[in-house]
Amino acid sequence: MNWYLVIDAMPRLLSGALLTLQLAALSVLAGLVIALPLSLLRSSSSGVLSRPVLAYTFVFRGTPLLVQLFVIYYGAGQIEWIRTTSAWIILREPYWCALIAFSLNNAAYTTEILRGGIRAVPAGEVEAAKALGMSYALRTRRIVLPIAFRLALPAYANEVVLMLKASSLASTITIMELTGTSRKIVAQTFSPYEVFISAALIYLAITFVVVKAFARLERHLAHHLERVEKNNGGTDPVHKGPVQELDRDPVLQREAR
Amino acid sequence: MTLLQGFGDQIIAGAITTLQVALTSLVLGIAVGLCGAMAKVNGIGALRWLADGYTTIVRGIPELLIILILYFGGTVALTALLGRYVEVDAFAAGVFALTIVFGAYATEVFRAALLAVPRSQIEAAHALALSRALTFRLVILPQMWRYALPGLGNLWLTLLKDTALISVVGLEDLMRKASVAAGATHDPLTFYLIAAALYLTFTSVSLVGLALLEQRAGRGVRISE
């Protein structure tokens, strides 16, 4: 390990990490904004509304992000009419192409995650809201979405981490984010270990922070449930269910060996 | 008339390479995942610590970076080791990288599945005087397989799409062939859309296959409806 090289490369890697964070944060934000209405359409009982959304999520979840990125970056410039419109100013910039591809991809996954949350909202809650005379908009805003988001949060946290990691693909279209910067430094110094492992550690640190932040948010959102569970005898399905018991099961432990 | 300006057979060859990489990594990754899950459930301090470190690190680093580390790092390591310039085979590096990634996620899937098998089943196996190996093969494995299948299916779909990343280090897979064809014909839109359609076909077929597998794995389960 050449420590001097690592220290020398660190400022550039960190500024790359900043771009990574920016790309990931903007994509996640845009993805959420797109996914929110789409997930409502997707969970609609009307096929006319839900099927187009299904087609969208199917295509974007069924193809590699790299292909989507290349179709937008290399492919869009080929269509004559796009080049004549003002959209071309955006689509000829690799940064915007990456942002568009990531947002659309992230939105597709987020739509399905939120839909799972919406479907898991207890029917009684919705019925109670209806009984109180709440309109569709009001009960969606006050009842369905808050519960759905809380239920979907663990899966959504995973998706955010995946997006963070996927932002490394931006390096394939000349964007100098963390992976792109480290590739460039490796090309200049021919020391892949030092540079790539430094980059990997930065990614690890970022994911660690993201995971911890979401765990905290999850606890915060479940705050009002704690007392109910304590009153019911403290049957936390995650921590006190049979899973833990099996974990300590001597028979299973021996079997696993 | 030649198919796709003469690039048709190239694209097909690339698609076959993609499937080869994915299937090889799947088989190796399942083996790694089973070992990892056992190390985690097992309880021996060092092994468990090792498995925890492995899954935490691999799941926190972009797949692309892992591929780059193994490809370029591998080249440097082998060159230093053998004293002459050696270039790592892109196929081997790709399969190795994807196996490591798949194995890390599969470890978690198998661990959860292993813990989901009711302990009474294991106790019953012991009451029937089955040996440890037999208990695992006849009682635990068939049941955990059913629990693991949905998770494994998702991982397989991710793996299939992740193979596209290996094109970055030069593996002649579907993505790489599409890039070459796009560059040669100045028609990237067509070729990348064709690649997308092929990937979509693979994932669709996988989805159908997985549904059938899940149906088969759950054939002994009573459905109350």
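Model, not experiment: these values are computed from the prediction.

Caption draft 1: Structural view of the overall build of chain B. What chain B contains, in helices and strands, is eight helices and zero strands. Going from N to C terminus, chain B has its helices and strands arranged as α-α-α-α-α-α-α-α. With the C-alpha coordinates aligned to their principal axes, the bounding extent of chain B is approximately 70 × 55 × 25 Å. Across the 225 residues that make up chain B, the buried fraction comes to 45%. Taking the intrachain contacts of chain B between residues at least 6 apart in sequence as the baseline, contacts between residues at least 24 apart amount to 72%.

Caption draft 2: Layout of the interface of chain A and chain B. Of the residues lining the interface, 39 residues belong to chain A; the matching set on chain B comes to 42 residues. Contributing elements (two or more residues each) for the side of chain A that touches chain B: helix H2 (47–62), helix H3 (65–75), helix H9 (178–189), helix H10 (192–221), helix H12 (242–248) and helix H13 (250–256) of chain A. Here the side of chain A that touches chain B gets ten residues from one element, more than from any other, and that element is H10(A). Partitioned by chemical class, the residues of the side of chain A that touches chain B number 23 nonpolar, nine polar and seven charged.

Caption draft 3: Spotlight on the packing of helix H1 (residues 3–42) of chain A against helix H6 (residues 94–119) of chain A. Residues and elements named next belong to chain A. Running from N to C, H1 and H6 point in directions that differ by 45°, and their axes come no closer than 6 Å. With respect to their mutual orientation, H1 and H6 come out oblique. As for the relative orientation of H1 and H6, their crossing is right-handed in sense. Every residue of H6 that contacts H1 at Leu23, Leu26, Ser27, Val28, Ala30, Gly31, Leu32, Ile34, Ala35, Leu38, Ser39 and Arg42 is listed here: Ala98, Leu99, Phe102, Ser103, Asn106, Ala107, Thr110, Thr111, Leu114, Arg115 and Ile118. For the contact of H1 with H6, a count of residues per class yields 14 nonpolar, seven polar and two charged.

Caption draft 4: Spatial organisation of the nonpolar core. Formed by 118 residues in total, the largest nonpolar core has its most connected members in A:Val67, A:Leu69, B:Leu65, B:Ile66, B:Ile67, B:Ala178 and B:Ala195. The element contributing the most residues to this core is helix H4 (residues 90–116) of chain B, with 17 residues. Once you skip the residues sitting within four places of it in the chain, B:Ala178 turns out to touch B:Ile11, B:Phe191, B:Tyr192, B:Ile194 and B:Ala195.

What counts and what doesn't
Residues numbered from 1 in each chain as written. Chains lettered and ligands numbered in written order. Predicted model: local features only at pLDDT ≥ 70, side-chain atom pairs only at ≥ 80, totals over all residues. Helix = DSSP H or I, 4+ residues; strand = E, 2+ residues; numbered from the N terminus. Buried ≥ 20, exposed ≤ 12 C-beta atoms within 10 Å, placed from the backbone. Contact = placed C-beta atoms within 7 Å. Nonpolar A, V, L, I, M, F, W, Y, C, P; charged D, E, K, R; others polar. Axes fitted to C-alpha atoms, helices over the stretch in contact; angles between N-to-C directions. Parallel < 35°, antiparallel > 145°, perpendicular 65-115°, else oblique. Left-handed = near helix turned anticlockwise from the far one by under 90°. Core = buried A, V, L, I, M, F, W, Y, C linked by C-beta atoms within 7 Å.

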